[in-house]
Amino acid sequence: MSGSALIMYETGSDGVTLRAALAGELDLADADEVRDNLAAAAQASTYRFLQIDVSAVELIDSYALGALVSVRNAAAAAGVTVTLINPSSPVLKAIQVTGLAEVFGLD
């Protein structure tokens, strides 16, 4: 990735969950690449669930949040359910302000 965001993947022991961990700052510089990477992983996998761990995200702007909504929509079209897990303070605040908690399974 060109900016400061980082994505790490691991498979769940249940055989149906793919986990992605995001770290760093998610902003305009990384939003498209994060969206494309996560959406491709969700659409190309045989997994039914994509859990995105955002505990190490230090900053998230509206572009990156929009990218995560796009990932959720692309994954849903492929039959994959996306949830955000372990939201950091900045992520939780952004989600609460925008009313997206239910969309990301954080309600």
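Presented here is an overview of the structure given in this document. Throughout this document, residue positions are counted from 1 along each chain, in the order its sequence is written. Local features are withheld for residues below a pLDDT of 70 in this predicted model, meaning they are given only at 70 or higher, and side-chain atom pairs are given and counted only at 80 or more; totals for whole chains, interfaces and linings count all residues. The side-chain figures draw on all heavy atoms in the structure; neither hydrogens nor water molecules are used.

Every regular strand shows the same layout, with side chains that alternate between the two sheet faces. We call two strands paired when DSSP finds no fewer than two bridges between them. Strands are runs of DSSP state E lasting at least 2 residues, helices are runs of H or I lasting at least 4, and numbering of each runs from the N terminus. With 6 bridges connecting them, strand 1 (residues 6–11) and strand 2 (residues 17–26) associate as antiparallel partners. Directly across from Ile7, in strand 2, lies its bridge partner Leu22. Bridge count between strand 2 and strand 3 (residues 49–60): 9 bridges; the pairing is parallel. For Ala21, the partnering residue across the bridge sits in strand 3 and is Asp53. For the crossover that starts at strand 2, traverses helix 1 (residues 28–44) and ends in the parallel strand 3, the hand is right-handed. We call a crossover right-handed when, viewed with the strands running away from us, the connection from the first strand over the helix to the second turns clockwise.

What follows covers the pattern of salt bridges. A pairing counts as a salt bridge when a side-chain nitrogen of Lys or Arg comes within 4 Å of a carboxyl oxygen of Asp or Glu. Within this structure, the stated rule accounts for 2 salt bridges. Here Arg35 ties to Asp36 by a salt bridge, and the two come within 2.9 Å at their closest N and O atoms. Residues joined by salt bridges that share partners form a network here, namely Asp32, Arg35 and Asp36.

As a further point, take helix 2 (residues 62–77). An expected span of 1.5 Å times one less than the residue number is assigned to each helix. If you check helix 2, its first and last C-alpha atoms are 23 Å apart, about what 16 residues at 1.5 Å a residue would give, namely 22 Å. The rule is simple: take the accessible area with a 1.4 Å probe, protein chains only, and divide by the maximum for that residue type; under 20% is buried, over 50% is exposed, in between is partly exposed. Listing the buried residues of helix 2 in full gives Ala64, Leu65, Ala67, Leu68, Val71, Ala74 and Ala75. Two residues form a contact once any of their heavy atoms are found within 4.5 Å. Residues of helix 2 that are buried make contact with strand 2, helix 1, strand 3, strand 4 (81–85) and helix 3 (89–98). One side-chain oxygen of the residue at the start of helix 2 lies 3.1 Å from the amide nitrogen of Tyr63, identifying that residue as Asp61. Gly79 sits one or two positions beyond helix 2 and adopts a positive phi of about 80°. Whenever a nitrogen or oxygen atom comes within 3.5 Å of another N or O atom, the pair is scored as a polar contact, on the condition that within protein one atom can donate a hydrogen and the other can accept it, and that pairs from neighbouring residues in sequence are kept only if both atoms are in side chains.

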